[in-house]
Amino acid sequence: MKKVICTNNESYDLEFNVGDEYQVERELETTYIVINKLGNKHSVFKTHFMPVEDSESK
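All of these numbers come straight from a predicted model, not from anything done at the bench. (Residues numbered from 1 in each chain as written. Predicted model: local features only at pLDDT ≥ 70, side-chain atom pairs only at ≥ 80, totals over all residues. Heavy atoms only, no water.)

Draft legend 1. How the structure looks around the pattern of salt bridges. Per the counting criterion, the structure on display carries three salt bridges. With a shortest N-O distance of 2.6 Å, Glu 27 and Lys 2 are connected by a salt bridge. Pair noted here: Glu 27 is in strand S2 (residues 21-27) and Lys 2 is in the segment before strand S1 (3-6), with a separation of 25 residues, a long-range link. As a salt-bridge pair, Lys 46 and Glu 27 come within 2.9 Å of each other at their nearest N and O atoms. Of this pair, Lys 46 sits in the loop between strand S4 (41-45) and strand S5 (49-51) while Glu 27 sits in strand S2, placing them 19 residues apart in sequence. Each member of the salt-bridge network shares a partner with another, and the members are Lys 2, Glu 27 and Lys 46. (Salt bridge = Lys/Arg side-chain N within 4 Å of Asp/Glu carboxyl O. Helix = DSSP H or I, 4+ residues; strand = E, 2+ residues; numbered from the N terminus.)

Draft legend 2. Spatial organisation of the packing of aromatic side chains. Applying the stated criterion across every chain yields a total of three aromatic pairs. An angle of 85 degrees between the planes, with centres 4.9 Å apart, marks the rings of Phe 16 and Tyr 22 as edge-to-face. Where Phe 16 meets Phe 49, the ring centres are 5.4 Å apart and the plane angle is 85 degrees; that geometry is what we call edge-to-face. Placement of the pair is Phe 16 in the loop between S1 and S2 and Phe 49 in strand S5, with a sequence separation of 33 residues. (Phe/Tyr/Trp six-rings, centres within 6.5 Å; stacked < 30°, edge-to-face > 60°.)

Below is the structure:
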């Protein structure tokens, strides 16, 4: 499953921490539908998250 990393937590203070990775359920044109650590789904702007590079070293 695709993951993204949080780069900005404006208005997401309790849901997302900068630098943490989150699972993407769906990718839309300008937003991701992501699942936070509590298992809640949120629609977030792509500008606040960036894709995690696929790397086997992680």
